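# Understanding the architecture of this molecule
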Amino acid sequence: MSRQHPRDWWVILGMTVTACAAAVSSFSGLQSLAAATGWPEALAPLLPFTIDAYAMTATRVWLSKATSSTAARRFARWNAIGAIGLSLVGNAAWHLIAAHVLTVTWPIVVLVGAVPPAVLGLLSHLAVLRVQNDEDEAAIPSTELHEHQDEANAGGDDLLEAARAADDAHRTEHGKPITRDQLRRQLHVSSDRASELLRKIRSSPETHTEK
């Protein structure tokens, strides 16, 4: 801490007391919610541990300078906000149950029980995104695009040869070039594709010269 901005111990003390109070009360509420929805007493603390670890991990990835991936930072931000929201909803649900305003029904039981596996899946995805960078993410669609282009080019060569063969056969039988509609019907392609093939045939030196 620089001399221009010395530590304000009253601020630090206030934040420490507030953080401890929030942590203890939130832990108690989520533990009680787990117990109320059928978790064994010994395992009930796992619910607050899961949510708190979820929020801490997502926030760390979101704000850390070591996170170079924009996608990871964006995903972590939404997960951090979601984890805080999950803690708020969980504590609110428990207080409503404790005040006999809300009854524990099967949807609540299912949702509370689904928290740990859902969090595990989200954090696993976040861990994979964290070690990537923007160059890696950009390279994947680029590689796929080149592969698709290669396949399209290969298919286009075969189609062009078929168009040339159809044109040759039509010239031999009728003495004139094949039309776009005739080529479209024979090759089962669109009108635009047939027009493109005809342009290539006409511009190719292999095309027969009309007499």
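Residues numbered from 1 in each chain as written. Predicted model: local features only at pLDDT ≥ 70, side-chain atom pairs only at ≥ 80, totals over all residues. Heavy atoms only, no water.

With that settled, the discussion passes to the overall build of the protein. The secondary structure content of the protein amounts to 7 helices and 0 strands. When the helices and strands of the protein are placed in sequence order, the string is α-α-α-α-α-α-α. Here the protein holds 211 residues, and the buried ones make up 27% of them. Sequence-distant contacts, at least 24 apart, represent 59% of the contacts inside the protein between residues at least 6 apart. When the accessible area of the protein is evaluated, it comes to approximately 14300 Å², of which 62% is carbon and sulfur surface. (Helix = DSSP H or I, 4+ residues; strand = E, 2+ residues; numbered from the N terminus. Buried < 20%, exposed > 50% of the residue type's maximum accessible area, 1.4 Å probe, protein only. Contact = heavy atoms within 4.5 Å. Areas by Shrake-Rupley, 256 points an atom, 1.4 Å probe, with all protein chains shown as cover.)

All right, on to the nonpolar core then. In terms of nonpolar packing, the biggest core is built from 16 residues, with L33, A34, W39, L47, I51, V112 and V115 touching the most fellow members. Contributing elements (two or more residues each) for this core: α1 (9-36), α2 (46-63), α3 (70-98) and α4 (106-130). Discounting chain neighbours no more than four positions away, the residues touching L47 are L30, L33, A34, W39, V112 and V115. Within the second largest apolar cluster, 12 residues are counted, among which are A166, A194, L197 and L198. (Core = buried A, V, L, I, M, F, W, Y, C linked by side-chain atoms within 4.5 Å.)

The first and last C-alpha atoms of α2 sit 25 Å apart over 18 residues, in line with the 26 Å expected at 1.5 Å per residue. Taken residue by residue, α2 has L47, P48, T50, I51, Y54, A55, A58 and V61 as its buried positions. In the core, the buried residues of α2 are packed alongside α1, α3 and α4. (Expected span 1.5 Å × (residues − 1).)

Remark: α2 packs on α4, axes separated minimally by 10 Å, with the N-to-C direction vectors making an angle of 20 degrees. Taken together, α2 and α4 sit at an angle that is classed as roughly parallel. Crossing of α2 against α4: the hand is left-handed. Side by side, α2 and α4 meet where L47, T50, I51, Y54, T57, A58 and V61 of the first sit next to V112, V115, P116, V119, L122, L123, L126 and R130 of the second. In terms of residue class, the contact of α2 with α4 is built from 12 nonpolar, 2 polar and 1 charged. (Axes fitted to C-alpha atoms, helices over the stretch in contact; angles between N-to-C directions. Parallel < 35°, antiparallel > 145°, perpendicular 65-115°, else oblique. Left-handed = near helix turned anticlockwise from the far one by under 90°. Nonpolar A, V, L, I, M, F, W, Y, C, P; charged D, E, K, R; others polar.)

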